[in-house]
There are 2 protein chains.
Amino acid sequence: MSQYLEKAGVESPGVGRMVDFPPRVTIIDEGEPARSIFRIVTGNVMISKLLPDGRRQIFEVLGPGSIFGVTPNGRHDSVAESLTDVRLTAFEKGLAERSSSFTSLVADRLKVQICALHGHAVLLGRKSAVERVASYILELIEAREDTALAPEGSVTVRVLMTRSEIADYLGLTLETVSRAFSQLKRDGVLAYERHDGLMRVSIRRLRPLTGTY
Amino acid sequence: MSQYLEKAGVESPGVGRMVDFPPRVTIIDEGEPARSIFRIVTGNVMISKLLPDGRRQIFEVLGPGSIFGVTPNGRHDSVAESLTDVRLTAFEKGLAERSSSFTSLVADRLKVQICALHGHAVLLGRKSAVERVASYILELIEAREDTALAPEGSVTVRVLMTRSEIADYLGLTLETVSRAFSQLKRDGVLAYERHDGLMRVSIRRLRPLTGTY
DNA sequence: CGAAGAATTGAGGTTAATCAACGAGGGTGG
DNA sequence: CCACCCTCGTTGATTAACCTCAATTCTTCG
């Protein structure tokens, strides 16, 4: 387990303890014995796997309410790392498994995750580079809290991941991701000047490019 | 729901009813309202999604003991079709959700599935064509019932899927899959003459080609 | 035996990866 | 405060992997 977990733990027995992490630190390492199940209170967490030669695949980017650290055997099969500042609730594994209300909460979340993984498999197996990036941006838009505004017009999103992280999420190289962004910009699908992650997106133009609709 | 389900149903109340399907028929269609949860007794089931333009991605091939037809909302998000002759147990959704023992069985299976989907995402996002096919064959070997024999030597496996189905599973074209098989054959990793799916595989030579170890 | 579906193989094209250079922004230390 | 460095992003040139199109063979089944 990480250093941060030990330091930041605030006991709150029976409910789970609060834990905080700074951006881009490892929360769970692959192969580690599974002691806790985590629930995201605020922030984002990336779940990934590393091949022995260094290739990485990120398969999920989780937000508030999501659960991670669940495994079939007693050992974590993937890496979890913070993308932003993160606040988590950590539940002791054995304890959590005996609570039926908790179990059904976990089961519900797993169903949502499986759904998302199915969609991501389609993206990885069957979509072109531009389709992948377009799908990614649409995902960002749909994940926003203020989901109300402008369902079909233009919206502003903040891209928190680096080009390299997006590449590892979409099964591309960072250069290809960058080129796809540039093309979408040229085509008037999205607009940005500074490299601060903020971009204005035309949903109407974006949606047809995702391959899904 | 499919025609077969209605015809073949054999009531066995409280436990779930038995249902049989011939090979390569649709068990669940995408978008269909979710009424039942299925458990495989014998045979194999493929879970896939179709893009509007016809591109298909198969993300799981399930065997005995596996569960499918579980969704977060009340609607199926993917297609389930039989690969072989299949015998299933169908559980009424509402009923199943009220049984806590059933819920925890489902949860356990979902965890295993998520694990498999993670591995498959790595394959789709980061592996070469030959690595994908090698991984696929290794998967077949590990899924066999008679898993005892020859842990490191040569084994015989039966490839049930067509090249086209394998391609849709591995995110490739059927030609690329065929070429990968041919290459593995040339390199002495596997051997076969007839196109009946039976092949002799050297696990020792196969494993290093999967990219995972 | 003929037809249809599946697998193989070849030739050529396209997409994305690789290799490489450069610019912008942010932080650190002199 | 400024120079430097480092990371991140962008873009160009080239290469490699995989896809597409096409022809041929194998297998099964009526």
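Small disclaimer: the values here were computed from a predicted structure and weren't measured. (Residues numbered from 1 in each chain as written. Chains lettered and ligands numbered in written order. Predicted model: local features only at pLDDT ≥ 70, side-chain atom pairs only at ≥ 80, totals over all residues. Heavy atoms only, no water.)

Quick notes on the overall build of chain A
Link 1 in the chain: When helices and strands are tallied, chain A shows seven helices and 11 strands.
Link 2 in the chain: For 213 residues, the compact-globule estimate of 2.2 N^0.38 gives 17 Å, and chain A sits close to it at 18 Å.
Link 3 in the chain: By its C-alpha atoms, chain A is 55 × 40 × 30 Å across when sized along the principal axes.
Link 4 in the chain: Residue pairs at least 24 apart in sequence account for 69% of intrachain contacts in chain A once pairs closer than 6 positions are excluded.
Link 5 in the chain: For chain A, the accessible area works out to roughly 9900 Å², and carbon and sulfur atoms hold 53% of it.
Link 6 in the chain: Averaged over its 28 positive side-chain charges, chain A has a centre that lies 4 Å from the centre of its 26 negative ones. (Helix = DSSP H or I, 4+ residues; strand = E, 2+ residues; numbered from the N terminus. Rg over C-alpha atoms; globule rule 2.2 N^0.38 Å. Contact = heavy atoms within 4.5 Å. Areas by Shrake-Rupley, 256 points an atom, 1.4 Å probe, with all protein chains shown as cover. Lys, Arg positive; Asp, Glu negative; His and termini not counted. Charge placed at Lys NZ, Arg CZ, Asp CG, Glu CD.)

Topic: the protein's contact with DNA strand D
Link 1 in the chain: As a structural note, the neighbourhood of DNA strand D is formed by 19 residues, with Arg163(A), Ser182(A), Tyr192(A), Ala129(B) and Thr176(B) the closest of them.
Link 2 in the chain: The protein-proximal atoms of DNA strand D, defined as those within 4 Å of the protein, are 62% sugar or phosphate.
Link 3 in the chain: Separating a phosphate oxygen of DNA strand D from a side-chain N or O atom of Ser178(A) is a distance of 2.9 Å.
Link 4 in the chain: Separating a phosphate oxygen of DNA strand D from a side-chain N or O atom of Tyr192(A) is a distance of 2.7 Å.
Link 5 in the chain: Contributions of two or more residues to the surface near DNA strand D are made by helix H6 (174–186) of chain A together with helix H6 (174–186) of chain B.
Link 6 in the chain: Looking at the surface near DNA strand D, the element that brings in the most residues is H6(A), giving five residues. (Near = heavy atom within 4 Å. Polar contact = N/O pair within 3.5 Å; in protein donor to acceptor, adjacent residues only side chain to side chain.)

As for the packing of helix H5 (residues 163–170) of chain B against H6(B)
Residues and elements named next belong to chain B.
Link 1 in the chain: In the contact formed by H5 and H6, the axes pass within 8 Å of each other and the chain directions differ by 100 degrees. With respect to H6, the axis of H5 lies roughly perpendicular. Residues Arg163, Ser164, Ile166 and Ala167 of H5 lie in contact with H6, whose contacting residues are Leu174, Val177, Ser178 and Phe181.
Link 2 in the chain: Of the residues contributing to the contact of H5 with H6, the split by class is five nonpolar, two polar and one charged. (Axes fitted to C-alpha atoms, helices over the stretch in contact; angles between N-to-C directions. Parallel < 35°, antiparallel > 145°, perpendicular 65-115°, else oblique. Nonpolar A, V, L, I, M, F, W, Y, C, P; charged D, E, K, R; others polar.)

Let's talk about the nonpolar core
Link 1 in the chain: Membership of the largest hydrophobic core comes to 123 residues, with the highest contact counts inside it found for Phe68(A), Leu88(A), Ile137(A), Phe68(B), Leu88(B) and Ile137(B).
Link 2 in the chain: Not counting residues within four places of it along the chain, the set of residues in contact with Phe68(A) comprises Ile27(A), Ile28(A), Ile37(A), Phe38(A), Ile40(A), Val45(A), Ile47(A), Leu62(A), Ala80(A) and Leu88(A). (Core = buried A, V, L, I, M, F, W, Y, C linked by side-chain atoms within 4.5 Å. Buried < 20%, exposed > 50% of the residue type's maximum accessible area, 1.4 Å probe, protein only.)

Some thoughts on the protein's contact with DNA strand C
Link 1 in the chain: Near DNA strand C there are 17 residues, and of these Ala129(A), Thr176(A), Arg163(B), Ser182(B) and Tyr192(B) occur at the shortest range.
Link 2 in the chain: The sugar and phosphate moieties of DNA strand C supply 63% of its atoms located within 4 Å of the protein.
Link 3 in the chain: Residue Thr173(A) places a side-chain N or O atom 3.2 Å away from a phosphate oxygen belonging to DNA strand C.
Link 4 in the chain: Note that a base oxygen of DNA strand C is positioned 2.9 Å from one of the side-chain N or O atoms of Arg179(A).
Link 5 in the chain: Of all the elements in the fold, those that place two or more residues in the surface near DNA strand C are H6 of chain A together with H6 of chain B.

What to know about the relation of the copies chain B and chain A
Link 1 in the chain: Rotating chain B by 180 degrees about the axis while translating it 0.0 Å along that axis superimposes it on chain A, leaving an RMSD of 0.0 Å. Expressed as an axis order, the relation between the two copies is that of a two-fold axis.
Link 2 in the chain: The fraction of interface residues of chain B whose copies in chain A are also interface residues reaches 100%, indicating that both copies meet through the same surface. (Least-squares fit on C-alpha atoms with pLDDT ≥ 70 in both.)

Examining the domain arrangement of chain A
Residue and element names in this part refer to chain A.
Link 1 in the chain: Its domain assignment divides chain A into domain 1 (3–124) and domain 2 (127–209).
Link 2 in the chain: If you average the C-alpha positions of domain 1 and of domain 2, the two centres end up 25 Å apart.
Link 3 in the chain: The largest contributions to the domain 1 side of the interface with domain 2 come from Arg24, Arg56 and Leu123, which together make up 42% of the buried area.
Link 4 in the chain: Remark: the boundary between domain 1 and domain 2 carries two salt bridges.
Link 5 in the chain: Arg24 serves as the salt-bridge partner of Glu165, at 2.7 Å between the closest nitrogen and oxygen.
Link 6 in the chain: Applying the counting criterion to the domain 1 and domain 2 interface returns 10 residue pairs in polar contact (both at pLDDT 80 or more).
Link 7 in the chain: Secondary-structure elements contributing two or more residues to the side of domain 1 that touches domain 2 are strand S5 (56–62) and helix H3 (100–126).
Link 8 in the chain: At six residues, the largest contribution of residues to the side of domain 1 that touches domain 2 is made by S5.
Link 9 in the chain: Per-class residue counts for the side of domain 1 that touches domain 2 are eight nonpolar, four polar and three charged. (Domains from an automatic or database assignment. Buried area = accessible area lost by both parts, 1.4 Å probe. Salt bridge = Lys/Arg side-chain N within 4 Å of Asp/Glu carboxyl O.)

Some details on the confidence of the model for chain A
Link 1 in the chain: Across chain A, pLDDT averages 91, with 91% of residues at or above 70.
Link 2 in the chain: Below a pLDDT of 50 lies the segment residues 5–13 of chain A, which in the model reaches 15 contacts outside its immediate sequence neighbourhood of four places, other chains included. (pLDDT = per-residue confidence, 0-100.)

Quick notes on the pairing of strand S9 (residues 154–158) of chain A
All names here are of chain A.
Link 1 in the chain: Only one face of S9 is buried: it carries Val155 and Val157, and the other face, with Ser154, Thr156 and Arg158, is open.
Link 2 in the chain: Pairing analysis gives five bridges linking S9 to strand S11 (residues 198–202), with the strands arranged antiparallel. Directly across from Ser154, in S11, lies its bridge partner Ser202. (Pairing = 2+ DSSP bridges.)

Observations concerning the sheet that holds strand S10 (residues 190–191) of chain B
Residues and elements named next belong to chain B.
Link 1 in the chain: Strand order in the open sheet formed by three strands is S9-S11-S10, and the pairing between neighbours is antiparallel. Both edges of this open sheet fall to strand S9 (154–158) and S10, since each of them pairs with a single strand only.
Link 2 in the chain: Note: S10 against strand S11 (residues 198–202), two bridges, orientation antiparallel. Residue pairing across strands places Leu190 opposite Val201, the latter belonging to S11.
Link 3 in the chain: Strands in contact with helix H4 (residues 129–143) are S9, S10 and S11; relative to S9, the strand with the most contacts, it is inclined by about 95 degrees.

Focus: the packing of helix H4 (residues 129–143) of chain A against helix H5 (residues 163–170) of chain A
Residue and element names in this part refer to chain A.
Link 1 in the chain: Viewed as axis vectors pointing N to C, H4 and H5 meet at an angle of 105 degrees, and their least axial separation amounts to 11 Å. With respect to each other, H4 and H5 are oriented roughly perpendicular. Residues Arg132, Val133, Tyr136 and Glu139 of H4 lie in contact with H5, whose contacting residues are Ile166, Tyr169 and Leu170.
Link 2 in the chain: Residues that form the contact of H4 with H5 fall into these classes: five nonpolar, no polar and two charged.

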